[in-house]
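Here's the letter readout for the chains.
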Amino acid sequence: MSKYIFITGGVVSSLGKGVVSASLGLLLRACGLQVTFLKFDPYLNRDAGTMNPYQHGEVFVTEDGAETDLDLGHYERFADVTLGRRSNVTTGQIYGAVLERERQGAYEGATVQVIPHVVDAIKDAILDASGDDVDVTLVELGGTIGDIEGMPFIEAIRQFMLEKGKGEALLLHLVLLPGLLTGGSELKTKPAQHSAQKLRECGLHMDFLLCRTEGPVTKEARDKLALHTNVRAERVIGVPDVKLIYNVPFKLHEQGLDRMICTELGLPYSEPDLSAWQAFSDAMGAEQEVRIVAVGKYSGNADAYKSLGEALLHAAAARGARLVLDWIEAETLESGDAEAVLRGYDGLVVPGGFGLRGAMGKIRAIQWAREGKVPYLGLCYGLQCAVIEFARNVCGAQDAISAEWATDDEDVDLDRCWVTLLDNQGKATPLGGTLRLGSQPCRLEPGSLARDAYGADLIDERHRHRYEVNPDKVRVLENCGLRISGRHPENRLVEVIELSESGQWFVATQAHPEFKSRPLRPHPLFLSFIDAAMEQK
Ligand code: GLN
């Protein structure tokens, strides 16, 4: 039977609840416990798939093909677990399920209401997410206490904790402790006090108060918070700003949070061995640098490509290099001297993306890498853009496009579409949840860069795309020197392309390998790319 830890937030959003939850997961795993996670997102979208990454950050894809909140990426990376669709539940899903049941007549004539029906569905989702063989389920509630849309979730947490009883579940509340008004010397506790009051109004009592601060929590602030929020002073835990999110677990551990939680939940505690994690964190300070440029569409928000940045960081750290990663907005390369902007980088990445905006800038960057023999890693759209670049500039098909770039009313000659929809897909397909999603197998060609990187013939990676390399164009691409080094073993779709004859490292994949990279198990393709970039120096 699982124990439960609920994590809520107060005062302001974006305090790092996801990283705190993930850090706690890592610490509990390091104590030998099995953990899993659930993120509640109180918005109405069914999932994050249709949300703009510029506003919402990356859409993280799970093995089973769910399009989820980026916090699931933190959970997977820190705690080294593999999560699925049951680990991210939105208001849209809850209401969707309740309304579906109502139509089926499952409520037998009852008036369907937030309490009990919606709240019951939320409680069921908590039980569903925990599964068998789990010691601890960490449940994070998105947003801040007091949000109207979060209220059914708060009520569900209250009922769930009451039903479970003491020692079975506890609540961590993360707040901001600002010091800005007094130049940082005195921490202001009032917003935290109000947040605690709000929780109490909802019938919840926090077991631990976590305080996001610039520096340490002073004794004065700790005592005051303990007094006003009904939490013992040692249970007021500081979450200070850190240069690297991977250092947060150390901060929590130093203050005994993991030990106190285990005691409270009656779980066996053993001092976690964090030495490998420490070594990884230390590697970030390496002297040698590797300079990577990423050309994307949402480059103004680094969270839009969260897993990519992390995967590069993991691989660089494993090679004892300090990652310098610059993001360039693809559109800015469409005019002017793109070469001057890109010069001096050791490697180029074009990440996943959608739509025409910025696509020509990506293609220019890829041409620069291909012609200059600069290591190139293409991810999903980065493969599709590489195919168009190659079709135009090597195969001589100047008018090559992806079918994605044609407007609805445009009559496009299908022969121009080197990247296309397959027969069974139509433009009329609804947007949400209809992409090719989740883990897909791929067979790699012997002797290819990809096969060497992975060290395996058969691999699987997570996917999230609608378009494919046009199977009718594959022969021409190959004849012109593009190697199709990975294909789906059954349907033969193009999964990996490369330019291995040219003596450069140029590999693009239709998948999103960045989702599977872990700090202590960097992804082989990223390692191989970083190796090539370091040789480039
Ligand atoms: N827009 C492309 C497609 O839908 C690529 C998607 C992606 O990069 N994730 O196929």
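This one's a predicted model, so the numbers in the text were calculated from it and none came from an experiment.

A. Looking closely at the sheet that holds strand β18 (residues 468–469). Taking strand neighbours across the sheet as the criterion, the three strands line up as β14-β15-β18 in an open arrangement whose pairing is mixed. In this open sheet, the two edge strands, each paired with only one partner strand, are β14 (401–402) and β18. Two elements, strand β15 (residues 417–420) and β18, share two bridges in a ladder whose sense is antiparallel. Within the sheet, the bridge partner assigned to V419 lies in β18 and is V469. Across the sheet, helix α15 (residues 381–393) is in contact with β14, β15 and β18; its angle to β15 comes to roughly 170°.

B. Quick look at the site of the ligand. Residues in contact with the ligand, as listed here, are G352, G353, F354, C380, Y381, Q384, E404, R464, H465, R466, Y467 and H512. Take R464: an N or O atom from its main chain is 2.7 Å from a nitrogen atom of the ligand. Separating an oxygen atom of the ligand from a backbone N or O atom of R466 is a distance of 3.0 Å. Mapped onto the shell around the ligand, the elements with two or more residues apiece are α15 and β17 (458–465). Partitioned by chemical class, the residues of the shell around the ligand number four nonpolar, five polar and three charged.

C. Broad picture of the sheet that holds strand β2 (residues 35–41). Strand order in this open sheet of seven strands is β5-β2-β6-β1-β7-β8-β9, and the pairing throughout is parallel. The outermost strands of the open sheet, each flanked by one partner alone, are β5 (88–90) and β9 (236–240). Each neighbouring strand pair of the sheet contributes to a mean axis angle of 20°, computed without reference to strand direction. With three bridges connecting them, β2 and β5 associate as parallel partners. From the neighbouring strand, F40 faces β5, where its bridge partner is V89. Contacts between helix α4 (residues 91–104) and the sheet are confined to β2 and β5, with β5 contributing the most and set at about 70° to the helix. Across the face of the sheet, helix α7 (residues 190–201) comes into contact with β1 (3–9) and β7 (169–176) while running at roughly 145° to β7.

Cut-off values and rules
- Residues numbered from 1 in each chain as written.
- Predicted model: local features only at pLDDT ≥ 70, side-chain atom pairs only at ≥ 80, totals over all residues.
- Heavy atoms only, no water.
- Pairing = 2+ DSSP bridges.
- Helix = DSSP H or I, 4+ residues; strand = E, 2+ residues; numbered from the N terminus.
- Contact = heavy atoms within 4.5 Å.
- Axes fitted to C-alpha atoms, helices over the stretch in contact; angles between N-to-C directions.
- Near = heavy atom within 4 Å.
- Polar contact = N/O pair within 3.5 Å; in protein donor to acceptor, adjacent residues only side chain to side chain.
- Nonpolar A, V, L, I, M, F, W, Y, C, P; charged D, E, K, R; others polar.

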